[in-house]
Amino acid sequence: MGSKWEIQAKLTANSKLIVRALRHRNYRLFFTGQTISMIGTWMQDIAINWLIYELTGSPLMIGMVNFCSKIPGFMLGPFAGLIVDRFNRRRIIIFTQSMSMLQALTMAILVLTGRVEVWHVMALGTLLGCIQAFDLPARHAFIVDMVDDRDDMNNAIALNSIIINTARLVGPSVAGILIAIVGEGICFLLNAGSFIAVITALMAMKINTGPEEPSRRWAIGHELREGFSYAYHFLPIRYLFFLLWIICFLGMPYIVLMPIFADQVLGGGSTMLGFLFSATGLGAICGASFLAARSQVAGLENITPAAAGLFGLALVVFSQNTSVWLALGIMFFAGIGMIMHSIATNTLLQTVVDDGKRGRIMSMYSMAFQGLTPLGSLLAGFLAQQIGAPATECIFGSVCVIGAMVFYNCLPKMKAHMNVIYN
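Residues numbered from 1 in each chain as written. Predicted model: local features only at pLDDT ≥ 70, side-chain atom pairs only at ≥ 80, totals over all residues. Heavy atoms only, no water.

K.L.:
Quick question: what am I supposed to make of the overall build of the chain here?
P.N.:
Looking only at helices and strands, the chain features 16 helices and zero strands. Here the chain holds 423 residues, and 57% of them are scored as buried. Considering only intrachain contacts with a sequence separation of at least 6, the fraction spanning at least 24 residues in the chain is 86%. In the form shown here, the chain has an accessible surface area of approximately 17100 Å², with 67% of it arising from carbon and sulfur atoms. (Helix = DSSP H or I, 4+ residues; strand = E, 2+ residues; numbered from the N terminus. Buried < 20%, exposed > 50% of the residue type's maximum accessible area, 1.4 Å probe, protein only. Contact = heavy atoms within 4.5 Å. Areas by Shrake-Rupley, 256 points an atom, 1.4 Å probe, with all protein chains shown as cover.)

Printed below as a string of structure tokens:
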């Protein structure tokens, strides 16, 4: 009987540990609004890929559309980092979320009226990419403003990833069903409505972030060089970005190849596409929950290469598989590796970075996803047309595994720097 109560007490304690960042009111508001909004965002992402696949049947065009929607983040990222370091982050996010809502609404109108063309999707995708160039680094840096206790920051970052990947689990499944029944337009319309929740939550927050600094003299060139120099010369940040950039360039573009695997390899169409992304999302939720239960940052540097290696290996195995059930299992483990690497990298960067450079460093973090991922998507689409999606995915996954091994060999040098920060 005593052991039963002990087990129950441990489970209760672990549950509280996983959600401890929710004790902060501002973060609770953010968590609720973001959960609703991210489901809509994932629905739109799936709908766009399937819409382009239906309009063109070309993997290269899928890669091109993803390139157009993400590359502005790479081009505008450094400047966006300066804006985030200088101005009120909450106001920035309210503006970017409002603009994202208008973009989704425009897509919905074009699709539902039957007037949508490929160039519309590319143009609106480019606009969204410009918006996200400022939105993503602002949201990453804003976590520090919402969570008063720095000991809860790791948990807040992990919970944020749980939000994203719960949406990854729910959104694609709902999108796959809606696309099959009523078409892509409803997905865009529901996404537009979902932004109301996060905008309302942001406006209800009470944030004490200090004064803005618009009056300080702008020295854009100097501040940009300062940010890049800091990232390069500070060893932990340099190593973290090395592996992150490999994963974003060659690992994350798996998304643009999924419609081809779902339709041509596994023979399941849009419904199978939703299931594949849901399996990835479920794995990501499990990985994020594991990291959310951790009470300290120390040790995350060991998880980083292991998670990246797992992600790359899963992509290699997936590329050579033709079984539906095995494919779902493989993508579950891919989700675990992908999210654990992302959370560990984000948390370590947020831990070691100077507050005055946080916006610039987090903009570089966002640039990896917004810039290198679309470049990789473009390359993936091109290679898939030349040598096929399975061979392309196998090559990309193999390079991710090699990158993880190189990072692992650099761990002793990185730990020497991290131990000083931990202590």
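Now that the structure has been shown, the text picks up again.
K.L.:
Looking at this structure, how should I read the packing of helix α2 (residues 25-56) against helix α11 (residues 269-292)?
P.N.:
How two helices pack is summed up by the angle between their axes together with the distance between the axes. Two elements in contact, α2 and α11, have axes whose closest approach is 11 Å; the angle formed by their N-to-C orientations is 140°. Taken together, the axes of α2 and α11 are oblique relative to one another. Seen from above, α2 lies across α11 with right-handed handedness. Residues W42, I46 and W50 of α2 form the contact with α11, whose participating residues are G269, S270, L273 and F277. Class assignment of the residues belonging to the contact of α2 with α11 gives a composition of five nonpolar, two polar and no charged. (Axes fitted to C-alpha atoms, helices over the stretch in contact; angles between N-to-C directions. Parallel < 35°, antiparallel > 145°, perpendicular 65-115°, else oblique. Left-handed = near helix turned anticlockwise from the far one by under 90°. Nonpolar A, V, L, I, M, F, W, Y, C, P; charged D, E, K, R; others polar.)

K.L.:
Explain the packing of aromatic side chains here, please?
P.N.:
Aromatic ring pairs are reported here in terms of the distance separating the ring centres and the angle at which the planes meet. Going through the model one piece at a time under the given rule, you end up with seven aromatic pairs. Seen in terms of ring centroids, F241 and W245 are 5.3 Å apart; in terms of plane orientation they differ by 10°. Their pairing is stacked. Placement of both F241 and W245 in helix α9 (residues 235-251) is noted, with a separation of four residues, approximately one turn of the helix. Residue W245 is classed as partly exposed on the basis of its relative accessible area of 38%. Taken together through their ring pairs, the aromatic side chains of Y27, F30 and F31 make up a single cluster. (Phe/Tyr/Trp six-rings, centres within 6.5 Å; stacked < 30°, edge-to-face > 60°.)

K.L.:
When you look at the side chain of Q103 in this model, what are you seeing that I'm missing?
P.N.:
Residue position: Q103 is located in helix α4 (residues 89-112). Residue classification places Q103 among the buried positions, given a relative accessible area of 3%. A distance of 3.1 Å separates a polar atom in the side chain of Q103 from the backbone oxygen of L124. Residue contacts for Q103: discarding those within four places in its chain leaves Q44, L124, G125 and L128. (Polar contact = N/O pair within 3.5 Å; in protein donor to acceptor, adjacent residues only side chain to side chain.)

K.L.:
Just checking my understanding: could you explain a nonpolar patch on the surface for this structure?
P.N.:
On the surface, L102, L105, I109, L112 and L189 cluster together to form a nonpolar patch covering roughly 430 Å² of accessible area. At four residues, α4 tops the list of elements feeding residues into the nonpolar patch. With respect to the element layout, L112 can be found in helix α4. By relative accessible area, which is 47% here, L112 ends up partly exposed. (Patch = residues over 30% accessible without salt bridge, like charges linked within 9 Å, V, L, I, M, F, W, Y side chains within 5 Å. Salt bridge = Lys/Arg side-chain N within 4 Å of Asp/Glu carboxyl O.)

K.L.:
Would you take a moment to explain the confidence of the model for the chain for this structure?
P.N.:
Fine structural detail should not be taken from predicted coordinates in areas where pLDDT scores are low. Chain-level pLDDT for the chain is 80 on average; 86% of the residues reach the 70-or-more range. Confidence over residues 5-14 falls short of pLDDT 50; this stretch has zero contacts with residues more than four positions distant or in other chains. (pLDDT = per-residue confidence, 0-100.)

K.L.:
Help me understand the environment of L189, please; the structure alone is not making it clear to me.
P.N.:
Tracing the chain through its elements places L189 in helix α7 (residues 184-204). Of the residues examined, L189 reaches a relative accessible area of 38% and is grouped as partly exposed. Separated by 146 residues in sequence, L189 and M43 place their C-alpha atoms 10.0 Å apart. Dropping the residues within four chain positions of it, L189 is found in contact with L105, A108 and L112.

K.L.:
Mind showing me how you'd approach the environment of L76 here?
P.N.:
Checked against the element boundaries, L76 lands in helix α3 (residues 59-86). Take L76: its relative accessible area is 29%, and that puts it in the partly exposed class.

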